[in-house]
Amino acid sequence: MEVITLNGIKIKSNTVAAIGFFDGVHLAHKQLIETAIHIGKEHNLHTAIITFDIHPKSILYGLDYFYITPLERKLEIFKTFDIDTIYVVEFTKEKAVLKPHEFIDTYLQNIHTLVCGFDFKFGVRGSGNVKTLQEHDDFETIIVDEITYGGYKVGSTHIRDLINSGHVDQVYDVLGDYYSVRGKVVHGAKKGRMIGYPTANIDTGEYLVPKNGVYATMTKVKDRWYQSMSSIGHNPTLNCRVDVSVESNIFDFDEEIYGEVIEIKFIKRLRDELKFNSVEALIAKIDQDKLDTLDIFKDFK
Ligand SMILES: Cc1cc2nc3c(=O)[nH]c(=O)nc-3n(C[C@H](O)[C@H](O)[C@H](O)COP(=O)(O)O)c2cc1C
Ligand SMILES: Nc1ncnc2c1ncn2[C@@H]1O[C@H](COP(=O)(O)OP(=O)(O)O)[C@@H](O)[C@H]1O
């Protein structure tokens with residue numbers, strides 16, 4: 001599989017491509033990709049995924065945008081599929097104002113078949129939609145219908161809502177896995193070890209950070225997963241940080257890992273972050289968090 005930046009080059013002829021932003025590469029996205037693979041096999045076509053590097057909202061409103069799967073992670077998941085080429089559109093202010101037919105002329109020349117979700121939008125202010133694509137005679141457009149789960153459309157917006165509201169235990173059924181963030185271990189206030197619970201603090205970069213609070217988690221260090229509990233918040237009892245820290249106390253682990261990239265997978269939210277009147281009260285609560293976390297892992301497959 002090759003990754004190609006779609007900037008002035010044409011897509012290979014005889015290609016079936018799944019197109020989308022694909023943040024999260026969730027179950028509906030996977031269905032789109034599998035559909036393209038299936039059509040590719042049936043008609044002996046090259047298979048491809050067309051995606052974008054930066055979210056349009058980030059470009060249009062100049063906002064920091066946080067992702068379920070930043071680009072690098074998205075590409076890593078794409079590579080687990082039997083796809084020939086991944087095309088990445090470099091999104092810029094200029095690209096964001098392309099009219100739908102300009103978008104098609106710029107990126108979709110040569111395409112044999114395009115696979116997209118029923119609500120795919122493209123071109124300036126999302127003015128192009130599946131109808132625009134279907135009206136275009138040069139290629140065929142296959143539309144994958146809405147998939148719902150628990151009354152919600154399986155989509156990045158719903159998954160973002162679950163993460164933002166701390167309902168991480170509900171993410172699995174729509175994402176196909178628990179939500180996880182990766183980041184380099186950075187230095188904190190060095191108070192964790194003083195209270196008997198050292199915590200690896202990570203720089204979460206472009207990842208969407210779940211709601212502040214305490215979570216039962218799994219943490220991956222150097223290719224090995226450990227049970228863990230993690231805290232997201234301002235550490236009001238000991239540090240009162242202005243920014244949010246994401247930190248994990250890893251069970252049965254005792255190594256210095258500053259500078260390592262680790263992954264924290266969120267299994268269940270246990271509680272809100274609290275401000276305690278004493279360090280002893282904080283420690284007693286964290287002792288209880290550990291018992292609660294181990295209890296969750298008793299039933300965990
Ligand atoms: C499971 C767990 C729960 C925590 N809960 C709280 C909390 O409710 N309130 C709080 O102020 N800090 C809480 N903390 C954060 C600790 O205060 C924090 O780990 C400590 O300040 C160490 O920070 P450092 O790694 O920067 O040294 C929690 C930490 C863990 C690991
Ligand atoms: N069980 C553990 N869980 C998390 N970090 C650990 C553990 N054992 C050792 N460490 C190391 O200790 C550091 C955390 O200690 P801590 O006192 O909280 O310092 P900091 O404030 O810099 O995070 C981690 O970055 C890691 O290198």
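Scroll up to find the structure.
Predicted model, so just to flag it, every value in this text is computed and none were measured.

Q: Summarise the pattern of salt bridges; cite the residues concerned and give the values.
A: Per the stated rule, a full pass over the model turns up 14 salt bridges. The salt bridge partner of Lys12 is Glu2, with a shortest N-O separation of 2.8 Å. Of this pair, Lys12 sits in the loop between strand S1 (2-5) and strand S2 (15-19) while Glu2 sits in strand S1; the two residues are 10 residues apart in sequence, bridging distant segments of the chain. By relative accessible area, Glu2 is classed as partly exposed at 34%. The residue Asp169 makes a salt bridge to Lys268 at a minimum N-O spacing of 3.6 Å. Here Asp169 is found in the loop between helix H7 (156-164) and helix H8 (172-175), whereas its partner Lys268 is found in strand S14 (residues 261-271), with 99 residues between them in sequence.

Q: Got a sec to walk through the site of ligand 2? Specific residues and values, please.
A: The environment of ligand 2 is made up of 21 residues, and the closest members are Gly188, Lys190, Arg193, Ile257 and Tyr258. Gly188 places a main-chain nitrogen or oxygen 2.7 Å from an oxygen atom of ligand 2. When ligand 2 is considered free in solution it has 550 Å² of accessible area, and contact with the protein chains removes 95% of it. Mapping ligand 2 onto the cavity grids shows that it belongs to the second largest pocket. Elements that contribute at least two residues to the shell around ligand 2 include exactly strand S10 (200-203) and strand S13 (245-250).

Q: Explain the site of ligand 1 residue by residue, including any values.
A: Around ligand 1, the structure places 23 residues, and the nearest of them are Lys191, Thr199, Thr237, Glu247 and Leu274. The backbone of Gly192 places a nitrogen or oxygen atom 3.0 Å from an oxygen atom of ligand 1. Contact with the protein chains hides 99% of the accessible area of ligand 1, taken as 620 Å² for the molecule alone. More than half of the atoms belonging to ligand 1 lie within 2 Å of the grid points that define the second largest pocket. Secondary structure elements with two or more residues in the shell around ligand 1: strand S12 (224-233) and helix H9 (279-298).

Reading guide: rules and limits
Residues numbered from 1 in each chain as written. Chains lettered and ligands numbered in written order. Predicted model: local features only at pLDDT ≥ 70, side-chain atom pairs only at ≥ 80, totals over all residues. Heavy atoms only, no water. Salt bridge = Lys/Arg side-chain N within 4 Å of Asp/Glu carboxyl O. Helix = DSSP H or I, 4+ residues; strand = E, 2+ residues; numbered from the N terminus. Buried < 20%, exposed > 50% of the residue type's maximum accessible area, 1.4 Å probe, protein only. Near = heavy atom within 4 Å. Polar contact = N/O pair within 3.5 Å; in protein donor to acceptor, adjacent residues only side chain to side chain. Areas by Shrake-Rupley, 256 points an atom, 1.4 Å probe, with all protein chains shown as cover. 1 Å grid on protein atoms, 1.4 Å probe; cavity = no way out; pocket = protein on both sides within 12 Å on 5 of 7 lines; lining within 4 Å. Sits in = over half its atoms within 2 Å of the grid points.

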